[in-house]
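Here is how the chains run, residue by residue.
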Amino acid sequence: MSDQERIDLFDAIGRGILKAQRELFVRSAKLGEKVVFADEDGKPIRISGEEALRRLNEAHND
């Protein structure tokens, strides 16, 4: 596998992960569910799906 093929593969994987996260957060927001994240210290925190989606959008300028 060439370097460019590896770069393309990792880009595709990253896009797939982002898409899956977005779909999960949208679903959670619609159902009024919470999602679990780790804070800066690695401790689990629960936030609403709406908040998770807002943070994801801010982080990716959507």
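Just above, that's the structure.
This section reports on the structure supplied with the text. (Residues numbered from 1 in each chain as written. Predicted model: local features only at pLDDT ≥ 70, side-chain atom pairs only at ≥ 80, totals over all residues. Heavy atoms only, no water.)

1. Observations regarding the packing of aromatic side chains
Definition in use: A pair of Phe, Tyr and Trp rings is counted when the ring centres sit within 6.5 Å of each other, with Trp represented by its six-membered ring. The angle between the planes then sorts it: under 30 degrees is stacked, over 60 is edge-to-face, the rest tilted. Secondary structure counts use DSSP, requiring at least four H or I residues in a row for a helix and at least two E residues in a row for a strand, with both numbered from the N terminus. Partly exposed describes any residue whose relative accessible area lies between the buried limit of under 20% and the exposed limit of over 50%, with all areas from a 1.4 Å probe on protein chains only and scaled to the type maximum.
All told, the structure shown has one aromatic pair when counted by the stated rule. Ring centres of phenylalanine 25 and phenylalanine 37 lie 5.7 Å apart, and the angle between their planes is 45°; this geometry places the pair in the tilted category. A residue pair is termed long-range when its members are at least 10 positions apart, and phenylalanine 25 in helix 1 (residues 3–31) and phenylalanine 37 in strand 1 (residues 34–38) qualify at 12 residues. For phenylalanine 25, a relative accessible area of 6% puts it in the buried group. Exposure remark for phenylalanine 37: the relative accessible area of 30% places this residue in the partly exposed category.

2. Some details on the packing of helix 1 against helix 2 (residues 49–59)
Spelled out, the test is: Every axis in this analysis is a line fitted to C-alpha atoms, fitted for helices over the stretch in contact. Angles between the N-to-C directions lie between 0 and 180 degrees. Left-handed describes a crossing whose near helix is turned anticlockwise from the far helix through less than a right angle; right-handed describes the clockwise counterpart. Note on contacts: a residue pair is in contact if any heavy atoms of the two residues lie within 4.5 Å.
Put simply, helix 1 and helix 2 touch, their axes get as near as 7 Å, and they point 145° apart. Crossing handedness for the pair helix 1 and helix 2: left-handed. Of helix 2, the residues touching helix 1 (which contributes Leu18, Gln21, Arg22, Phe25, Val26, Ser28 and Ala29) are Gly49, Glu50, Ala52, Leu53, Leu56 and Asn57.

3. So, the pairing of strand 2 (residues 44–48)
Our working definition: In this analysis, strands are considered paired if DSSP registers two or more bridges between them.
Summarising the sheet, strand 1 and strand 2 pair through five bridges and their orientation is antiparallel. Bridging from a neighbouring strand, valine 35 pairs with isoleucine 47 of strand 2. Connecting strand 1 to the next strand, strand 2, in antiparallel fashion are five residues, including glycine 42 with a positive phi near 85°.

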